[in-house]
Each structure stands twice: as C-alpha cells, then as structure tokens.
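Tertiary structure, described
So you can see what is in the structure, the chains are spelled out below.
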Amino acid sequence: MTTTPTPTTDDAPSPPAPAPAQGRGAWSTLRPLVLRLHFYAGVLVAPFLLVAALTGLLYAASFQAEKIVYDHELTVPVGDRELPVSEQVAAARAARPDGEITAVRPSPEPGATTRVLLSGIPGVDPGHTLAVFVDPYTAKVRGELEQYGSTGALPLRTWIDEFHRDLHLGEPGRLYSEFAASWLWVIACGGLVLWFSRRRTQRKLRGTTGRRRTLGLHGGVGAWVALGFVFLSATGLTWSAYAGAHIGDLRTALGQETPAVSAAAGEHAGHGTAGGAGGDAAHGAGLDRVLAAARAEGLDNPVEIVPPADEGSAYVVQQIQRSWPTKQDAVAVDPATGQVTDVLRFEDFPVLAKLTRWGIDLHTGSLFGLVNQIALMLLALCLILLILWGYRMWWQRGRGSSFGRPIPRGAWQQVPPQVLVPLLALVAVLGYFVPLLGIPLAAFLAADIVLGGIAHRRGRRTYGPASR
C-alpha cells in the first residue's frame, strides 16, 4: 500500500546512519528511539484510544443527560415536611414486595426523591440493584430503574459506562481499556519530549502549510494537554484488571488500603430485628432511629443506609458525596439499641487511599461536578483531534496519495550501553506492573530485531536518523 514519495527538501530520505560520534549527548541518541516509539505506538494504539476518547466523551456528558432523561424519577415538588424514612421504605415495599433491601438513600436535598435499593429482582442484572424512587413528602412511588455502582448510575449512564469500560464484552473487553490506558501516558510523554526538543523556530505555526502545519497543531495542542492525558492514564489503571491488581497489592503492602467501618454489632445483636425487611421491626432500632444516630455523629446528606447482613451485624450508614468537599464518613449502629458502635472519618484515611478516591472521582467527572465534566469532554475532544492529526501527518508523508514511509528502524542500536541497559531495566519493571504495556512493547522489540536482522542479511540496511 505504501508508495515511495518524491523526495523534497522537507522529507528527503535519510542517509545511512553514521557511526555515533564521540561525545554525543544522551538525548541525541535517544531521540530517534523516542520518535520511533511515539510513531508506532500512535499508529497501533490510536484506534483503541479513539474508542476510549469517544466513549469517555459520552460518559462525561451522561451525568447531565441523566438528570434530564430521568427527571420524573429524580425530582418532586418540594413539600412542607419529609415523612420518616421508615414510611418511605414501607411504601416502596408495598410497590415492590419481592427482593431484598440492600440500601436506602434518603432524599439528599429538597425536591429530590428517596431511593430504596433492592437486589434479587427477576430480570435485573445480578450486579445491579433496582432503585425504587419515593416522594419523601407523600411516600408516593415515582418509578423504578436499574442502578449500578456507588455513584448511583441509572440505565443511560450505566450503558455508556460499560461501553467505555469493556465495550459490553464483559471481562475480556476490559483489556481494550486497560491497553489504551497503559499506553496513553507513554505516547503523551513521548510527544511532549519530542515537541520541546525541537528548536523554537520549528514549533511556530503561523505561516506554515501542509505537513509542517499539521505537526504544529498536533504538537502544540498535545503539549498543552499532555499532563491531563498522563492523569487519565494513571487513574484509569488504578481499577484496571491487571495493573489495578498490582497497584492494590502495593497499597496493601504499604498499609495504604481503604479502611472500612466495623459492622460487628453489640451484644444484643439480632434481638428484634428483621434483616431482610431493612431492619425496621417493631422492637428493633428502626431506620429512623439509626439515621438519627448517624446524624448525631455529624453525617449529613447525602447518606446511604445499609441494613445488617446477618444477626451479628450492625447497620452501616455512610456518606456518599464524591464531589468537593468529599464526604465519606461512616458509622455502624447496633440494630437492637440504636447506639453507634464504630465511627470512620474520611480525614483518617491513609494518604494513598485519599488520593485514589480523589483520582477516581476526578477521572469519572464526580469531584468538581459540571466543571470536571466539561474538562473531561475537552480532553476527550483534544485526544480525538490529536489522533486525526497524527494519521494525517502520516498520510502527508506520502504526499497525499498514500500513507508515507514509517520511521526507520534500528534507532536502539545507536543508544550507548550505559544508557540502554538502565532503560531496558526500567522498561522491564514497568512491564511487570503494567503488563499491557510491557507485553506489547516486548513483542514490538522482538519483531523489530527480527525484521532488522532479515533486512540486514538481504543487504537492505533500513535504519538511520529520521526527521519529523
């Protein structure tokens, strides 16, 4: 498919590589390697990044779309007085007597509905719950929808979230998103280094045309958003399948895992409770008393009440606000006495646990609300443009008739051993912790060495300095 372009002063074929001169700087030998890695990673990983960017753009917009699509279920006219939570739960149970109550989310603000979450409902995904929406002022049921995750995603956002995460292919599909996240930071950092290593005059955009102008747009925009891409890559890996497991193991080894409130009840546990009905029995503490105990400990809205898992467990009331300031305090309440048995404050979380919480919430658009979501949409749009400009530059190397020649191989042979050996050791370590970076990179290096050996035996030496 590739044709040989007509040589010009801008893109003339490079002469054979001269022997490395004495005293050459490390960067002068590393630059061709970085350029080749950036080029091939961009070409091969870009389709996965494009899908991640498009689905990520949709997900960032889904928060506001959800409020519009499900307005009837989410909002009600503000009344004079909210009814006790127990009455609201009773209304939800009357409408939905099947299933088991797994949590209750009281109305977080005036005009918002209460959610009663049920599991074990026929037709509902086992990993999801059925949310019954109740008017807190009248106890009238407003509707019911499937809900997923701790952020309370409803069907629209859930569908987009799963599309972004695994393309609706389940666990095998998660490899695509982890592959994209594993390589995004490499491509971004490589491009940033290449851009700032160019002479200032070569970075000017005004008055340029053709491939040089496309390069200016690609490099200039990429330089502005590179740190955002590195952040998205790092936070995306924290809950990925393979790299995420290594990160979790590292946090555990450092004693930085996310703590949990103790749900063990007191000595009177199990007396007078009705766990499957949400613990709202006549002789038990009841939801209203449990919520009052949590309020007395300073847990203001929004909160979620989780009923006891068994007769030896307590109610758990936890704050669920992911926006700034983050509210993640939790208390355990004895179901028999209504007394608080354990308290966990977000301020007492280990540093890495806090950073992980904030990083994930910033990545998903929760931490700063609409501003956060707009910033994510802009990053996604920039990534889409950078991918399109990157492919356009490759096309322009062929003078607009076909994709141009690739970056010459053999750049790694010009790197001095004192630089190459530590570099390979670093790559090996990164490859272990981020396998979907390390395995493809090892395969690329192996293929490059084999192809280079074949070309050398055929007398077609194909490596040398490459212009960009």
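Residues numbered from 1 in each chain as written. Predicted model: local features only at pLDDT ≥ 70, side-chain atom pairs only at ≥ 80, totals over all residues. Heavy atoms only, no water.

1. Here we look at the packing of aromatic side chains
- Counted by the stated rule, this structure contains twelve aromatic pairs.
- Taking 5.0 Å as the distance between ring centres and 85° as the angle between the ring planes, the aromatic pair formed by Phe39 and Tyr40 counts as edge-to-face. Per residue, the accessibility class of Phe39 equals that of Tyr40, and both read buried.
- A ring pair is formed by Phe346 and Trp358, whose centres lie 5.8 Å apart and whose planes are at 70°; its orientation type is edge-to-face. On the criterion of sequence distance, the pair formed by Phe346 in the loop between strand E8 (340-344) and helix H9 (351-363) and Trp358 in helix H9 is long-range, its members being twelve residues apart.
- For Trp358, a relative accessible area of 24% corresponds to the partly exposed category.
- Linked through ring pairs, Phe39, Tyr40, Tyr391, Trp394 and Phe444 together constitute an aromatic cluster. (Phe/Tyr/Trp six-rings, centres within 6.5 Å; stacked < 30°, edge-to-face > 60°. Buried < 20%, exposed > 50% of the residue type's maximum accessible area, 1.4 Å probe, protein only. Helix = DSSP H or I, 4+ residues; strand = E, 2+ residues; numbered from the N terminus.)

2. A short note on the nonpolar core
- By size, the foremost hydrophobic cluster in this structure holds 34 residues, and its most contacted members are Leu49, Trp183, Phe229 and Leu383.
- Counting residues per element, the ones that place at least two in this core are helix H1 (26-69), helix H5 (174-197), helix H6 (210-237), helix H10 (369-396) and helix H12 (435-457).
- Take this core: its biggest share by element is nine residues, from H5.
- With residues up to four places along the chain from it excluded, the contact list for Phe229 reads Leu184, Ala188, Leu379, Cys382, Leu383 and Leu386. (Core = buried A, V, L, I, M, F, W, Y, C linked by side-chain atoms within 4.5 Å. Contact = heavy atoms within 4.5 Å.)

3. Quick word on the environment of Val186
- Positionally, Val186 belongs in helix H5.
- A sequence separation of 47 residues divides Val186 from Ser233, and the C-alpha atoms of the two residues are 9.2 Å apart.

4. Description of unusual backbone geometry
- Residue Pro302 follows Asn301 across a cis peptide bond; omega there is -5°.
- When you line up the elements, Pro302 lands in the loop between helix H8 (286-296) and strand E5 (303-306).
- A cis geometry characterises the amide bond from Trp324 onward to Pro325, with omega recorded as 0°.
- When you line up the elements, Pro325 lands in the loop between strand E6 (315-319) and strand E7 (330-333).
- Positive phi, close to 65°, is recorded for Ala139, a residue that is not glycine.
- Relative to the helices and strands, Ala139 resides in the loop between strand E3 (129-134) and strand E4 (141-147).
- Judged by its relative accessible area of 18%, Ala139 is buried.
- At Leu167, a position not held by glycine, the phi torsion is positive, near 60°.

5. So, the confidence of the model for the chain
- Of the residues in the chain, 82% have a pLDDT of 70 or more, and the chain-wide mean is 86.
- Segment residues 269-283 is flagged for pLDDT under 50; beyond a separation of four residues in sequence, or across chains, it makes 26 contacts in the model. (pLDDT = per-residue confidence, 0-100.)

6. Section: the pattern of salt bridges
- Applying the stated rule across the entire model yields eleven salt bridges.
- Across the pair Arg322 and Asp361 runs a salt bridge whose closest N-O atoms are separated by 3.3 Å. Of this pair, Arg322 sits in the loop between E6 and E7 while Asp361 sits in helix H9; the two residues are 39 residues apart in sequence, bridging distant segments of the chain. A single burial state applies to Arg322 and to Asp361, both of which are buried.
- With a closest N to O distance of 3.3 Å, Asp329 and Arg345 form a salt bridge. With a gap of 16 residues between them, Asp329 in the loop between E6 and E7 and Arg345 in the loop between E8 and H9 connect regions that are remote in the sequence. (Salt bridge = Lys/Arg side-chain N within 4 Å of Asp/Glu carboxyl O.)

7. What about a nonpolar patch on the surface?
- A cluster of nonpolar residues, Leu250, Leu254, Val351, Leu352 and Leu355, forms a patch on the protein surface that exposes about 450 Å² of accessible area.
- A total of three residues in the nonpolar patch trace back to one element, the largest contributor, which is H9.
- Mapped onto the fold, Leu250 is located in helix H7 (residues 243-253). (Patch = residues over 30% accessible without salt bridge, like charges linked within 9 Å, V, L, I, M, F, W, Y side chains within 5 Å. Areas by Shrake-Rupley, 256 points an atom, 1.4 Å probe, with all protein chains shown as cover.)

8. Describing H9
- The end-to-end C-alpha separation of H9 is 18 Å, in line with the 18 Å expected for 13 residues at 1.5 Å each.
- Within H9, the full set of buried residues consists of Ala353, Lys354, Thr356, Arg357, Gly359, Ile360, Asp361 and His363.
- In this structure, the buried side of H9 is in contact with H6, H7 and H10.
- Gly365 sits one or two residues past H9 and shows a positive phi near 85°. (Expected span 1.5 Å × (residues − 1).)

9. Some thoughts on the environment of Tyr137
- Take Tyr137: it is sitting in the loop between E3 and E4.
- Classification of Tyr137 as buried rests on a relative accessible area of 13%.
- A C-alpha to C-alpha distance of 9.0 Å links Tyr137 and Thr113, two positions 24 residues apart in sequence.
- Excluding its chain neighbours within four sequence positions, the residues that come into contact with Tyr137 are Val76, Pro77, Val78, Gly79, Asp80, Arg81, Glu82, Leu83, Pro110 and Gly111.

10. Digging into H7
- Of all the residues in H7, the buried ones are Ala243, Gly244 and Arg251. Mapping the buried residues of H7 onto a view down its axis gives an arc of 100°, with all of them on the same face. Seen from the buried face of H7, the exposed residues on the opposite side, beyond 90 degrees, are Asp249 and Ala253.
- Where H7 ends, the next residue or the one after it, Gly255, has phi of about 70°, a positive value. (Arc of directions from axis to C-beta.)

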